[in-house]
Amino acid sequence: MRFSMNKYLNCLTQHKMPKLSLKVRNISQHQSFVPKSSDEFYDLHIQTSPLQKIMLTVGSAFAALYNPYRGDMVAALGETTGHFALQKLHLQMLNDDTGYRILKEKPIIDSHILDVKKLLCYPKNTLGYCYGNFMHSQNLSADDRSPVRFVDNTELAYVMKRYRQIHDFCHVILGFSVDVSAEIVVKWFECFHFNLPMAALSSVFGPLALNQVEQKELINYIPWAIFTGMSAKPLLNVYFEKNLERDIFELRNELHVYEPPKNGLLHKYW
């Protein structure tokens, strides 16, 4: 029986409950985190009751496991389960000079700020070139990240937004592409680095989609991903946009991110 999230949402919206629209929209990345009124947390926020959050968590978890490519469901799951982790990440940023600056300025990453064509003109050893090459080779755009909608706190919502927007930088810093196996390695790192339940779910259940050969290769990287996730300096406190001219190897050493195992074939950007 095919799972229908639309039917599930129809159940949620009965009995005068506010409608929850989970359709991915091609909207600007410039989601505002400055409340326009006393009853608004931030732009595009959707107010939900505790019951709705529980039902949304269950539904989005089921949908994300059924189809890991449902980015809207993965995003919703992260927002409904990540409150305590986001609080810790927010405190971590407040206690760091750069992290505090990021929270104060609330920069938004998009394809205009990080123009791939311009980044490819940087020296090849720089973060800017490596990021541009990664985005170009993987056919990605910084404009594709889902907006935050279900986090009932403006500051925590921005932390979630920032986490999503630096995800591609995580790939570059760690040196992995975006194929399924490589993405799972990155999720193992994020699980122990950001401590978000959504990343834990992806890292545990993601390998089930791989064949035996892929699972065997993945095992080479999991201990490294766990250790690196726990020992690396907080990536949310890195103002990546301001470090595009930095030598990527120096930046990796500074962040305590070291080369993955050489007996695997997944990493491509070292």
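An unreviewed UniProt entry lists the protein under the name Ubiquinone biosynthesis protein COQ4 homolog, mitochondrial, with Hydra vulgaris as the source organism. Under the heading Cofactor (unreviewed entry), UniProt records this for the protein: "Zn(2+)". For the protein, the Pathway (unreviewed entry) comment in UniProt is given as "Cofactor biosynthesis; ubiquinone biosynthesis."

**Q** Can you explain the pattern of salt bridges? Please cite residues and give values.
**A** Any two side chains of opposite charge can pair if their charged atoms end up close together. For the structure on display, the rule yields eight salt bridges. For the salt bridge of Lys53 with Asp152, the shortest nitrogen-to-oxygen distance reads 2.5 Å. Residue Lys53 is found in helix H2 (residues 50–66), and its partner Asp152 is found in the loop between helix H7 (127–137) and helix H8 (154–165); the two are separated by 99 residues along the sequence. Across the pair Arg162 and Glu241 runs a salt bridge, and its minimum N-O distance is 2.8 Å. Of this pair, Arg162 sits in helix H8 while Glu241 sits in the loop between helix H13 (222–231) and helix H14 (248–254), placing them 79 residues apart in sequence. Here the two residues Arg162 and Glu241 agree in accessibility, since each one is buried.

**Q** Describe the nonpolar core, and please don't skip the residues or the numbers.
**A** Within the largest apolar cluster, 61 residues are counted, with the highest numbers of intra-cluster contacts made by Phe176, Phe194 and Leu235. Secondary structure elements with two or more residues in this core: helix H4 (83–94), helix H5 (97–105), H7, H8, helix H9 (167–174), helix H10 (180–194), H13 and H14. When sequence neighbours within four positions are dropped, the list of residues in contact with Phe176 reads Phe134, His171, Ala182, Val185, Val186, Tyr221, Trp224, Pro260, Leu266, His267 and Tyr269.

**Q** Pulling in residues and values, what's your account of the environment of Met93?
**A** Looking at the element boundaries, Met93 is found in helix H4. Remark: the alpha-carbon pair of Met93 and Leu236, spanning 143 residues in sequence, is separated by 7.0 Å. Beyond its immediate sequence surroundings of up to four residues, Met93 is in contact with Gly99, Tyr100, Ile102, Leu103, Val159, Leu236 and Asn237.

Calculation notes
Residues numbered from 1 in each chain as written. Predicted model: local features only at pLDDT ≥ 70, side-chain atom pairs only at ≥ 80, totals over all residues. Heavy atoms only, no water. UniProt positions renumbered as here; feature names shortened; annotations may be inferred. Salt bridge = Lys/Arg side-chain N within 4 Å of Asp/Glu carboxyl O. Helix = DSSP H or I, 4+ residues; strand = E, 2+ residues; numbered from the N terminus. Buried < 20%, exposed > 50% of the residue type's maximum accessible area, 1.4 Å probe, protein only. Core = buried A, V, L, I, M, F, W, Y, C linked by side-chain atoms within 4.5 Å. Contact = heavy atoms within 4.5 Å.

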